[in-house]
Amino acid sequence: MNDDDPEARPASIPPELAATYREGDRYGFLEAAGGRLRFACWNAPGRPAGSVVLQSGRAEFIEKYATEIVGELLGRGYSVFAMDWRGQGLSDRPLPDRGKGHIDSFATYIADFQLFLEQVVLPAAPPPVLALCHSMGAHIVLRWLSENGSGPFAAGVLTAPMTGLRREAMLRSVLMVMPEMAAVEERYLFGTGPFIALAREFDANFVTHDERRYRFTEDWFAADPRLMLGGPTLGWARQAARSMTAALAPGYLERIELPLMLISAGEDPLVASRTHGPVAARLPHGEHVTIAGAKHEVMMETDDLRARFWEAFDRMAIRVTGRVTGGASGR
């Protein structure tokens, strides 16, 4: 592990986001098979209420959550630990074209998460430890829990977990006719391509009703172009489909003993929220909450919708920690 590596810090901070951004207390890289994984840690002030392992979705990165979410968690008394998934953020990219979101297998993500827990979280996280994960990250953590047990975790909150996609049937039909060879797998998925800031029209976005938070991504990409990522490859989509099939296999979810809250976005155009109720019902200690009116990125939504997310998170956290924490945010 390369700890407190200056290369793991962002190159600069967007001035318009500086007021609520929380710089990590520690940054570093993990040496994993096939490349480095970047992580960041924040220490809770005073006596910690516990720790949160914060894992993002596809194409996201640590700074997007450090802009507001990390400060809100620190204000609640939690130390925070985060990792950039392989292929995004400042973790190494599998392909020469850094703009393509690619993976060889979701088993690689699961192994990377195990390494992060072993080398970063377990040695340093004040208990109890909660998982707070979004979309693809929530899916990966669900799979890790099924295959490895609860590990360091006391509970988890999963927002818009990728247990199904809105246009999944069409995606699978396309994958069936595409040959599984590198020249094809490494192409951008149909309808996607390199990141182009000018093409990001707010009125057509799928993820939030809040334009300021929608702009976090391009603000950070401009401040540190190393963070930039475009659409997924066809190979990523094939592996995602296979991983969702694996996660829904009979008996797979039933092995997860950890208390989990699945939070659906009521207006999610990306993930199939209809799958969340049945998934929660299969979990021995599952709970399902829907935030009506929210798009895919619940934690990046408007203030009123985010307040409902934090109410749900705090309810789960109080059960685990027995400690009522404040809702302080930012600095």
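Since the model is a prediction, treat every value here as computed from it, not as a measurement.

Right, let's get into the sheet that holds strand E7 (residues 153–159). Sheet architecture is open: nine strands sit in the order E1-E2-E3-E5-E4-E6-E7-E8-E9, paired in mixed fashion. Two strands in the sheet have a free side with no partner beyond their single neighbour: strand E1 (2–3) and strand E9 (286–291). Where strand E4 (residues 50–55) and strand E5 (residues 78–83) come together, five bridges link them in parallel fashion. Opposite Val52, over in E5, you have Val80 as the bridge partner. Along the sheet, helix H11 (residues 303–321) contacts E4, E5, strand E6 (129–134), E7, strand E8 (260–265) and E9; its crossing angle with E7, the most-contacted strand, is approximately 165°.

Moving on to the nonpolar core. Ranked by internal contacts, the top residues of the largest apolar core, which has 53 residues, are Phe106, Phe113, Phe116, Phe153, Trp236 and Leu260. Sort the elements by how many residues they give to this core and helix H3 (residues 106–124) lands first, with nine residues. Look past the residues within four positions of Leu260 in its chain and what remains in contact with it is Leu142, Leu145, Gly156, Leu158, Leu283, His285, Gly286, Glu287 and Met316. Formed by 48 residues, the second largest nonpolar core is a distinct cluster that contains Ala8, Leu132, Val157 and Met299.

We now examine the side chain of Asn205. Turning to its location among the elements, Asn205 is positioned in the loop between helix H6 (182–185) and helix H7 (211–214). Owing to a relative accessible area of 7%, Asn205 belongs among the buried residues under this scheme. Separated by 2.7 Å, the side chain of Asn205 and the backbone oxygen of Phe202 make a polar contact. Beyond its immediate chain neighbours, meaning those up to four positions away, Asn205 contacts Tyr214 and Lys295.

Our next topic: the pairing of strand E3 (residues 35–42). Within a regular beta strand, the side chains point alternately toward one face of the sheet and then the other, so they alternate between its two faces. Within E3, seven of the eight residues are buried, which leaves it mostly tucked inside the rest of the structure. Of the pairings in the sheet, the one linking strand E2 (residues 26–32) to E3 comprises seven bridges and is antiparallel in character. In the strand pairing of E3, Glu31 is matched with Arg36. Counting the residues between successive antiparallel strands, the hairpin from E2 to E3 contains two residues, one of them, Gly34, with a positive phi of roughly 90°. In the sheet, E3 pairs with E5 via four bridges, with the strands oriented antiparallel. Within E5, the residue paired with Ala40 across the bridge is Ala82.

Take helix H9 (residues 234–247) next. The end-to-end C-alpha separation of H9 is 20 Å, in line with the 20 Å expected for 14 residues at 1.5 Å each. With eleven of 14 residues buried, H9 lies mostly within the body of the structure. Turning to H9, its buried residues are Leu234, Gly235, Trp236, Ala237, Arg238, Gln239, Ala240, Ala241, Ser243, Met244 and Ala247. On its buried face, H9 sits against H3, helix H4 (136–148), helix H5 (168–177) and H6.

Reading guide: rules and limits
Here the residue numbers are simple positions, counted from 1 along each chain's written sequence. Only residues with pLDDT of at least 70 are given local features in this predicted model, and only at 80 or more are side-chain atom pairs given and counted; all residues enter the totals for whole chains, interfaces and linings. As a convention, hydrogens and water are excluded, and side-chain values are obtained from all of the structure's heavy atoms. Here a strand pair is declared whenever DSSP counts at least two bridges between the two strands. Only runs of H or I of at least four residues qualify as helices and only runs of E of at least two qualify as strands under DSSP, and these elements are numbered from the N terminus. Whether two residues are in contact is decided by their heavy atoms: any pair within 4.5 Å suffices. Whenever a helix is involved, its axis is fitted only over the stretch in contact; in every case the axis is a line through C-alpha atoms, and angles between N-to-C directions fall within 0 to 180 degrees. Here, nonpolar core refers to any group of buried Ala, Val, Leu, Ile, Met, Phe, Trp, Tyr and Cys residues whose side-chain atoms link them within 4.5 Å. Burial here depends on accessible area, computed with a 1.4 Å probe over protein chains only, as a share of the maximum for the residue type. Under 20% is buried, over 50% is exposed, and the range in between is partly exposed. By the criterion applied in these results, polar contacts are pairs of N or O atoms within 3.5 Å in which, for protein atoms, one can donate a hydrogen and the other can accept it, and in which residues neighboring in sequence qualify only through two side-chain atoms. Here, expected helix span is obtained from the residue count minus one, scaled by 1.5 Å.

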